[in-house]
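Residues per chain are reported as follows:
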Amino acid sequence: MSGRVLALVHGVRPEWRETVLGSLLPAFADRGFDVVIRDVEDESLPEASGFDLVCVTGSPDSAFDASLPWVEPELRYLSDTIAQQVPIFGVCFGAQILARALGGSVAPSTRPEHGFVNVSTTRPDLVEEGPWMEFHHDTITVSDVAEVIAVNDAGVQAYVSGPHLGVQFHPEITPDCFSAWRKGFTSARSSSDDGSVDTRALATEIDAAADQAAARCDRLVGRFLEHAGIGVTAA
């Protein structure tokens, strides 16, 4: 019997929703998980108790933006998920909104990051030093129920709280995933096209790093599952 992962995306056109998961999708599928994708902006969310874990992915929007009508409902949903003891894996925006659900905060960063960086990690058995793909403009402050396990000069890069893991970077990056960021998000704030980043050069870097990045993502998923105490049917 396979497990189930609920993957939450944010304002992604239906035809791009699998692609935006990048190498997370095969990392879960190869371990015997069925991945159910739901968009928090236009779909009702199923009970988290019906899943082995919830994976919260990225967004061009900010986790502190009170003008977005879906942010507060997602916060409540994640708080309920935490109360139900369902592990959460938060990626970039997902890590930011998870931090808020755990009592932390998110604010604009003075050091936005775009591209591959290394991190300093106290838990290399869970989060290795990288290089990891970064694409964000906000920064996380964790609450006292979370432990920061990776940082760099820009701030918090990974933290844990019980079975939950938040990572500020994008382990899922693939060339197709990067295309989905540019074409798949419905938000006018899709920051990959705002002119502040040389997306052509970045796409070349992502192409060159594709195999190593996919292997690094696969290891991270396996280590997260072990950290969260989630059994798998295949390795």
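Up top is the structure.
A quick note: this is a predicted structure, and the numbers were derived from the prediction, not measured.

*Asks:* I'd like a rundown of the nonpolar core, residues and numbers included.
*Replies:* Counting residues in hydrophobic clusters, the biggest one holds 30 residues, and the most contacted among them are Leu8, Val54, Leu78, Ile97 and Tyr159. At the level of elements, strand S1 (3-9), strand S3 (53-56), helix H2 (71-83), helix H3 (93-101) and strand S9 (155-161) are the ones that each hand at least two residues to this core. Per-element tally for this core: the top contributor is H3, with 6 residues. In terms of nonpolar packing, the next biggest core, distinct from the first, is built from 28 residues, Val119, Trp132, Val167 and Cys217 among them.

*Asks:* Describe in detail the side chain of Ser109, supporting the description with residues and values.
*Replies:* Tracing the backbone shows Ser109 in strand S5 (residues 105-117). According to the relative accessible area criterion, Ser109 is buried, its value standing at 13%. Within the structure, the side chain of Ser109 is placed 2.8 Å from the backbone nitrogen of Arg111, a separation counted as a polar contact. If we ignore the near neighbours within four places in the chain, the residues touching Ser109 are His137, Asp138, Thr139 and Ala154.

*Asks:* Explain the environment of Asp34 residue by residue, including any values.
*Replies:* Position of Asp34 among the secondary structure elements: in strand S2 (residues 33-39). Taking C-alpha positions, Asp34 is 26 Å from Pro60, a pair spaced 26 residues apart along the chain. Filtering out sequence-adjacent residues up to four positions away, Asp34 remains in contact with Ser2, Gly3, Arg4 and Val5.

*Asks:* Describe in detail the environment of Thr199, supporting the description with residues and values.
*Replies:* Inspection of the secondary structure puts Thr199 in helix H5 (residues 199-208). For the pair Thr199 and Glu129, spaced 70 residues apart in sequence, the C-alpha separation works out to 24 Å.

The rules we used
Residues numbered from 1 in each chain as written. Predicted model: local features only at pLDDT ≥ 70, side-chain atom pairs only at ≥ 80, totals over all residues. Heavy atoms only, no water. Core = buried A, V, L, I, M, F, W, Y, C linked by side-chain atoms within 4.5 Å. Buried < 20%, exposed > 50% of the residue type's maximum accessible area, 1.4 Å probe, protein only. Helix = DSSP H or I, 4+ residues; strand = E, 2+ residues; numbered from the N terminus. Polar contact = N/O pair within 3.5 Å; in protein donor to acceptor, adjacent residues only side chain to side chain. Contact = heavy atoms within 4.5 Å.

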